[in-house]
Protein chains: 2
Amino acid sequence: MDRRAEFGRWKAQSLGKADLSRKGSVDEDAVRVVQLLNAQEEFFTTSSCAGRILLLDASTSDSGIQKQHCCWLLVTHKPCVKDDVMAALKGATSNAVLKFEPFILHVQCQTLQDAQTLHSAAVASGFRNSGITVGKRGKTMLAVRSTHGLEVPLSHQGKLMVTEEYIEFLLTIANQKMEENKKRIERFYNCLQQAMERKAISSSHSETKEKNSLLCTHKNKRNQGKAHDPSITEDHEKELEGADGLGISAALFSEED
Amino acid sequence: MDRRAEFGRWKAQSLGKADLSRKGSVDEDAVRVVQLLNAQEEFFTTSSCAGRILLLDASTSDSGIQKQHCCWLLVTHKPCVKDDVMAALKGATSNAVLKFEPFILHVQCQTLQDAQTLHSAAVASGFRNSGITVGKRGKTMLAVRSTHGLEVPLSHQGKLMVTEEYIEFLLTIANQKMEENKKRIERFYNCLQQAMERKAISSSHSETKEKNSLLCTHKNKRNQGKAHDPSITEDHEKELEGADGLGISAALFSEED
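Going by the annotation in an unreviewed UniProt entry, the name recorded for chain A is tRNA wybutosine-synthesizing protein 3 homolog, with Cricetulus griseus given as the source organism. Comment text from UniProt for chain A, heading Pathway (unreviewed entry), reads "tRNA modification; wybutosine-tRNA(Phe) biosynthesis." We quote the UniProt Function (unreviewed entry) comment for chain A here in full: "Probable S-adenosyl-L-methionine-dependent methyltransferase that acts as a component of the wybutosine biosynthesis pathway. Wybutosine is a hyper modified guanosine with a tricyclic base found at the 3'-position adjacent to the anticodon of eukaryotic phenylalanine tRNA."

Colleague: Even after reading the chapter, I still don't get the overall build of chain A, so can you show me in this structure?
Modeller: In terms of regular secondary structure, chain A is built from 6 helices and 10 strands. In chain A, which comprises 257 residues, the share counted as buried stands at 56%. Put simply, of all contacts in chain A between residues at least 6 apart along the chain, 71% involve residues at least 24 apart. Surface summary for chain A: the accessible area is close to 11,800 Å², and the carbon and sulfur share equals 51%.

Colleague: So what exactly am I meant to see when it comes to the environment of K78 of chain B here?
Modeller: Residue and element names in this part refer to chain B. In this structure, K78 sits in the loop between strand 3 (71-76) and helix 3 (82-89). Accessibility expressed as a relative area gives 41% for K78, which makes it partly exposed. In sequence terms K78 and E179 are 101 residues apart; their C-alpha atoms lie 9.2 Å from each other.

Colleague: Would you take a moment to explain the packing of aromatic side chains for this structure?
Modeller: Both the distance between ring centres and the angle between the ring planes are used here to describe each pair of aromatic rings. Overall, the coordinates contain 11 aromatic pairs over all chains when judged by the stated rule. One Lys or Arg, K139 of chain A, reaches over the ring of W10 of chain A and ends 5.5 Å from the middle of that ring.

Colleague: When you look at the pattern of salt bridges in this model, what are you seeing that I'm missing?
Modeller: Pairing is possible between side chains of opposite charge, provided their charged atoms come close. All names here are of chain A. Evaluation of the coordinates by the stated rule reveals 24 salt bridges over all chains. A salt bridge links R32 to E186; the shortest N-O distance between them is 3.2 Å. Here R32, found in helix 2 (residues 31-38), pairs with E186, found in helix 5 (residues 164-212); they are 154 residues apart in sequence, far enough to count as distant. Relative accessible area serves as the criterion here: at 37%, E186 is assigned to the partly exposed category. When salt bridges with common partners are traced through the structure, they connect E42, D114 and K199 into a single cluster.

Colleague: Looking at this structure, how should I read the side chain of S146 of chain A?
Modeller: Residues and elements named next belong to chain A. Inspection of the secondary structure puts S146 in the loop between strand 7 (140-144) and strand 8 (150-153). Within the structure, S146 has its side chain in polar contact with the backbone nitrogen of H148 (distance 3.1 Å). In this structure the side chain of S146 is engaged in a polar contact, spanning 3.3 Å, whose partner is the side chain of R184. Setting aside residues up to four positions removed in sequence, S146 forms contacts with P102, F103, G126, F127, N129 and R184.

Colleague: Explain unusual backbone geometry to me, please; I cannot follow it from the model alone.
Modeller: Trans peptide bonds make up the majority, and among non-glycine residues the majority have a negative phi. Residue and element names in this part refer to chain A. Its identity as a non-glycine residue notwithstanding, Q157 has a phi of 45°, on the positive side. For Q157, the location among the structural elements is in the loop between strand 9 (155-156) and strand 10 (159-160). Judged by its relative accessible area of 62%, Q157 is exposed.

Colleague: Can you help me understand helix 4 (residues 112-124) of chain A in this one?
Modeller: Residues that lie three or four places apart on an α-helix share one face, since the helix turns once every 3.6 residues. Residues and elements named next belong to chain A. Helix length check: helix 4, at 13 residues, gives a terminal C-alpha distance of 18 Å against a target of 18 Å (1.5 Å per residue), a fit within 8%. For helix 4, a buried count of 10 out of 13 residues is recorded, marking the element as mostly surrounded by other parts of the structure. Along helix 4, the residues that are buried comprise D114, A115, Q116, T117, L118, H119, S120, A121, A122 and V123.

Colleague: Just to check I follow, could you spell out the confidence of the model for chain A for this structure?
Modeller: Averaged over every residue, the pLDDT of chain A is 80; residues scoring 70 or more account for 75%. Between residues 210-257 of chain A, whose pLDDT stays under 50, and residues either more than four places distant or in other chains, the model counts 107 contacts.

Colleague: Please clarify how the environment of G8 of chain A should be interpreted in this entry.
Modeller: All names here are of chain A. One can find G8 in helix 1 (residues 3-16). For G8, a relative accessible area of 38% translates into the label partly exposed. Each C-alpha atom of the pair G8 and Q110 lies 8.7 Å from the other, and the pair is 102 residues apart in sequence.

Colleague: Would you take a moment to explain the state of the cysteines for this structure?
Modeller: Overall, the coordinates contain 0 disulfides over all chains when judged by the stated rule. The structure places no disulfide on C70 of chain A, whose sulfur is separated from the nearest cysteine sulfur, that of C71 of chain A, by 7.8 Å.

Scoring rules and cut-offs
- Residues numbered from 1 in each chain as written.
- Chains lettered and ligands numbered in written order.
- Predicted model: local features only at pLDDT ≥ 70, side-chain atom pairs only at ≥ 80, totals over all residues.
- Heavy atoms only, no water.
- UniProt positions renumbered as here; feature names shortened; annotations may be inferred.
- Helix = DSSP H or I, 4+ residues; strand = E, 2+ residues; numbered from the N terminus.
- Buried < 20%, exposed > 50% of the residue type's maximum accessible area, 1.4 Å probe, protein only.
- Contact = heavy atoms within 4.5 Å.
- Areas by Shrake-Rupley, 256 points an atom, 1.4 Å probe, with all protein chains shown as cover.
- Phe/Tyr/Trp six-rings, centres within 6.5 Å; stacked < 30°, edge-to-face > 60°.
- Lys NZ or Arg CZ within 6 Å of the ring centre and 35° of its normal.
- Salt bridge = Lys/Arg side-chain N within 4 Å of Asp/Glu carboxyl O.
- Polar contact = N/O pair within 3.5 Å; in protein donor to acceptor, adjacent residues only side chain to side chain.
- Expected span 1.5 Å × (residues − 1).
- pLDDT = per-residue confidence, 0-100.
- Disulfide = S-S within 2.5 Å.

The following block contains the structure:
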């Protein structure tokens, strides 16, 4: 089976499966991006979370690692108020932790170049921890990830370690992060749409050129190698100036022009 | 210039440059990994941080995003005690935030397959947010990243929002995370060493085989495509069971056997 047909088979299988997440459906704020990608021949999404505020009650091992089966006291994809958290905290018997977890998306891509296109859009939209995985049987995945989180221990062995006033302060920050996260998803959607449009124009041009000249095909292949250089630096590496010689390209997707 | 020679030139240039980080040198806990990688023909590191506890004084914009030029009140790559943080907090006039930032490493790789090998080792060692970037002029980078952080707002417009007792509690957790982070770096070093040894054995076998038969070369090329499938799931996606059909392979690096 050729690569394209095999990818099509994977896509049909994956999109045909039941959604096994706790929620059982795609989060509202992620739906447009998920639908846009799944409408393209060269992509399909395998998991997503639009971003959420989460209150966990986690026993920790001696190493400080959360044990697998921690209890979820609260989860919301919407801004959160103090009273909800205070009520949920009544159920905490171990170590409650409040987290803001930003948008995350896994996308399987037909080719490495498709993954690069998506990666550039993700990084340019603020999802700077995104990265490609090339796996078994050539499966090429892009994970879209942000650096934009929050992880705050609130209680120790059932005892609340902070004041209500602090929780209110913390939720203001968490809600602001959620708002910014939504803007980034919106930016990512717009970036993707532009990329798809340019790709459509570019491939219709290439088809015409291929008919006219074999030399053009050769030139196109060379240009495919000149992908753009999305930055992979993290928040905590901003100060390592010139560290990896990579920078976000202002002229996104111009390799497809 | 062929790819191998070009990579060698990049490597010489990069390793010859001055270290422009604030610290000006590689962190102690990252040195062995950095040296091991730079001793291999197919890799060189471009930036690293072994992991640190950081106290920032950050003005935030309305969107909750930290402004670029926030002030560092404290940074340490060693376990941290309450008195140090309390003393540093006296300098806070805006919004102080305590962070634990885990190990991060950027490695430029000669080929995509080299990046995959490194990626597998990173994921198997606990650095599950690692990912590949393919950039301008075919530059292939691996970013080694962990999910294992902490980000805790402590003060608001100069006013401390938590108790000393809470800061002590928080530092216990931050120090545990730093300890666990060190173990992961150690595990990564061991994983890398094994991979290098296997690769050395495998390439000496391949050379012999290549001399004996062209068919073997063809077979090797086929096997190179069968890379392993590191998991890219994040902490916050553990519950999306079967989400992307990827799992950490127990038989790491066997593609090089």
